[in-house]
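Here is what each chain is made of, one letter per residue.
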Amino acid sequence: MSEISTVAVIIPTFNRQAKLLRFLDLIQQQTYINLQVIIVDSSSIDDTQNLVRARFPQFTLIQVSDRNFWSGATNAGVKVALDRQVDFILTINDDALIPRDHIQKLVDLAQQHQLSIVGNRIGYLTPKNKVWSLGTYSDWGSDRFLKIAYNDVDLADIPHEILSQELIPVDALPGNGVLIRRSVFERIGCYNTRFCPHYHADSEFIMRATTAGINAWIAPQIVLRNDFNNSQKQMPINNLSGLSYIFFNPKSHLFTPAILYIIWKYCPPHQKILTVLSLWKRFQGMTAKVS
């Protein structure tokens, strides 16, 4: 049985009251008792705040601007948690579904092995037989240098020796279900709002930690299901306005400032040019579709 550390659960949200309320119901049922739940609402207009205050008055609700995006909203929650001197911070999305012992299992692993960063496997809500992530790995020199392990692979096609491992080292992690010791934030700071306001801030944070000598791990047997489908990431590339969104809107996973920052900061020097050229060829192929 693990010692009773304090865990702050940071949940950024924006105009998704149904998913948020479903998730808060699940958090309320967690077997881990020493939780502080911090909901960061980016000025939703769907009555999120009133509903949360009415149904979950024991949770902390803070409001930020809708221009904070994921990084700024998450940082706002992290700063509240750090001020409260919590032991761990769990970043997690409002569209997640987790079993009652989910947080207990993550804390047990972190304490048993003295881990500073540990994340869960992410699967889909539907179809349940597919994996969305088993961590992220660097593939420098390619146009997809942040590669999500086993993305969209059937469970039956993943080697048993992978799924049965207790822990696997990773280069980065998606921010949905990551347990982080407070000492990590105290050492390397919060999420990068300047260059990674939304996408890739989670990966950049873990890469910054590993560069500082803080190892990150994934627990393949601890599973979070994500109410997400790949159509949510489809990009509009049929006109110039769509291309502008793809490359320069912070909510695009191809947001150019974030990608170039990560290459500049973390790519090995001898692979920087090849990585940029590979990306350029990929982007040229996308722009060629616009007449």
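Criteria and cut-off values
- Residues numbered from 1 in each chain as written.
- Predicted model: local features only at pLDDT ≥ 70, side-chain atom pairs only at ≥ 80, totals over all residues.
- Heavy atoms only, no water.
- Helix = DSSP H or I, 4+ residues; strand = E, 2+ residues; numbered from the N terminus.
- Rg over C-alpha atoms; globule rule 2.2 N^0.38 Å.
- Buried < 20%, exposed > 50% of the residue type's maximum accessible area, 1.4 Å probe, protein only.
- Areas by Shrake-Rupley, 256 points an atom, 1.4 Å probe, with all protein chains shown as cover.
- Lys, Arg positive; Asp, Glu negative; His and termini not counted.
- Charge placed at Lys NZ, Arg CZ, Asp CG, Glu CD.
- Core = buried A, V, L, I, M, F, W, Y, C linked by side-chain atoms within 4.5 Å.
- Contact = heavy atoms within 4.5 Å.
- Phe/Tyr/Trp six-rings, centres within 6.5 Å; stacked < 30°, edge-to-face > 60°.
- Axes fitted to C-alpha atoms, helices over the stretch in contact; angles between N-to-C directions.
- Parallel < 35°, antiparallel > 145°, perpendicular 65-115°, else oblique.
- Left-handed = near helix turned anticlockwise from the far one by under 90°.
- Salt bridge = Lys/Arg side-chain N within 4 Å of Asp/Glu carboxyl O.
- Expected span 1.5 Å × (residues − 1).
- Pairing = 2+ DSSP bridges.
- Polar contact = N/O pair within 3.5 Å; in protein donor to acceptor, adjacent residues only side chain to side chain.

### A look at the overall build of the protein chain
Here is step 1 of the chain: Tallying secondary structure elements over the protein chain gives ten helices and 13 strands in all.
Here is step 2 of the chain: Computed over C-alpha atoms, the radius of gyration of the protein chain comes to 19 Å, within 12% of the 19 Å expected from 2.2 N^0.38 for 291 residues, which places it in the range of a compact globule.
Here is step 3 of the chain: Taking the principal axes of its C-alpha atoms as reference, the protein chain extends roughly 55 × 45 × 40 Å.
Here is step 4 of the chain: For the protein chain, the proportion of its 291 residues judged to be buried stands at 54%.
Here is step 5 of the chain: Split by element, the accessible area of the protein chain, about 13,400 Å² in all, is 52% carbon and sulfur.
Here is step 6 of the chain: Separation of charge centres in the protein chain, based on 28 positive and 24 negative side chains, amounts to 5 Å.

### A short note on the nonpolar core
Here is step 1 of the chain: By size, the foremost hydrophobic cluster in this structure holds 59 residues, and its most contacted members are Ile89, Ile117 and Phe185.
Here is step 2 of the chain: Once residues within four sequence positions are removed from consideration, Ile117 is found in contact with Leu173, Val178, Leu179, Ile180, Val184, Ile206, Ala209, Ile214, Asn215, Ala216 and Trp217.
Here is step 3 of the chain: Of all hydrophobic cores here, the second largest spans 37 residues; its members include Leu21, Phe88, Leu106 and Leu224.

### Here's the deal with the packing of aromatic side chains
Here is step 1 of the chain: All told, the structure shown has ten aromatic pairs when counted by the stated rule.
Here is step 2 of the chain: Centre to centre, the rings of Trp70 and Tyr191 are 4.9 Å apart; their planes meet at 75°, and the pair counts as edge-to-face. One end of the pair, Trp70, is in helix 3 (residues 69–83); the other, Tyr191, is in the loop between helix 6 (182–188) and helix 7 (201–211), with 121 residues separating them in the sequence.
Here is step 3 of the chain: Put simply, the rings of Trp70, Phe185, Tyr191 and Phe205 pair up and form one aromatic cluster.

### Looking at the environment of Arg16
Here is step 1 of the chain: Relative to the assigned elements, Arg16 resides in the loop between strand 1 (7–13) and helix 1 (17–28).
Here is step 2 of the chain: The exposure class of Arg16 is partly exposed, given its relative accessible area of 28%.

### Focus on the side chain of Asn75
Here is step 1 of the chain: With respect to the secondary-structure elements, Asn75 resides in helix 3.
Here is step 2 of the chain: Not counting the four nearest positions on each side in its chain, Asn75 is found in contact with Cys190, Tyr191 and Thr193.

### Let's talk about the packing of helix 9 (residues 256–266) against helix 10 (residues 272–287)
Here is step 1 of the chain: Put simply, helix 9 and helix 10 touch, their axes get as near as 10 Å, and they point 160° apart. Our classification of the angle between helix 9 and helix 10 gives roughly antiparallel. As helix 9 packs across helix 10, the resulting crossing turns out to be right-handed. Contact residues: Ile259, Ile263 and Trp264 in helix 9; Lys272, Thr275, Val276, Leu279 and Phe283 in helix 10.

### What about the pattern of salt bridges?
Two side chains of opposite charge can pair, provided their charged atoms sit close to one another.
Here is step 1 of the chain: Summed over the entire model, instances satisfying the criterion amount to eight salt bridges.
Here is step 2 of the chain: When the shortest N-O distance is used, the salt bridge between Arg55 and Asp25 registers 3.0 Å. Taken together, the residues span a long stretch of sequence, with Arg55 in helix 2 (residues 48–55) and Asp25 in helix 1 at a distance of 30 residues.
Here is step 3 of the chain: A relative accessible area of 42% places Arg55 in the partly exposed class.
Here is step 4 of the chain: With a shortest N-O distance of 3.0 Å, Lys147 and Asp139 are connected by a salt bridge.
Here is step 5 of the chain: The exposure class assigned to Lys147 is partly exposed, which follows from its relative accessible area of 43%.
Here is step 6 of the chain: One connected set of salt bridges, linked through shared partners, spans Arg16, Asp94 and Asp95.

### Some points on helix 1
Here is step 1 of the chain: Taking 1.5 Å of rise per residue, twelve residues should cover 16 Å, and helix 1 covers 16 Å from first to last C-alpha, within 8% of that figure.
Here is step 2 of the chain: Those residues of helix 1 that sit buried are Leu20, Leu21, Phe23, Leu24, Leu26 and Ile27.
Here is step 3 of the chain: In this structure, the buried side of helix 1 is in contact with strand 1, strand 2 (35–41), helix 2, strand 5 (96–97) and helix 4 (102–112).

### Points about the pairing of strand 6 (residues 117–124)
Here is step 1 of the chain: Across the eight residues that make up strand 6, a large majority, eight, are buried.
Here is step 2 of the chain: Direction of pairing for strand 6 relative to strand 12 (residues 178–181): antiparallel, over a ladder of three bridges. Of the residues in strand 12, the one forming a bridge with Val118 is Leu179.
Here is step 3 of the chain: Taken together, strand 6 and the strand that follows it, strand 7 (residues 130–133), pair antiparallel across an intervening segment of five residues.

### Digging into the environment of Ser43
Here is step 1 of the chain: With respect to the helices, strands and loops of the structure, Ser43 is situated in the loop between strand 2 and helix 2.
Here is step 2 of the chain: For Ser43, a relative accessible area of 23% puts it in the partly exposed group.
Here is step 3 of the chain: Sequence-wise, Ser43 and Val64 are 21 residues apart; in three dimensions their C-alpha atoms are separated by 6.1 Å.
Here is step 4 of the chain: Beyond its immediate stretch of four places on either side in the chain, Ser43 contacts Phe14, Gln49, Gln63, Val64, Ser65 and Asp66.
Here is step 5 of the chain: Within the structure, the side chain of Ser43 is placed 2.7 Å from the backbone oxygen of Val64, a separation counted as a polar contact.

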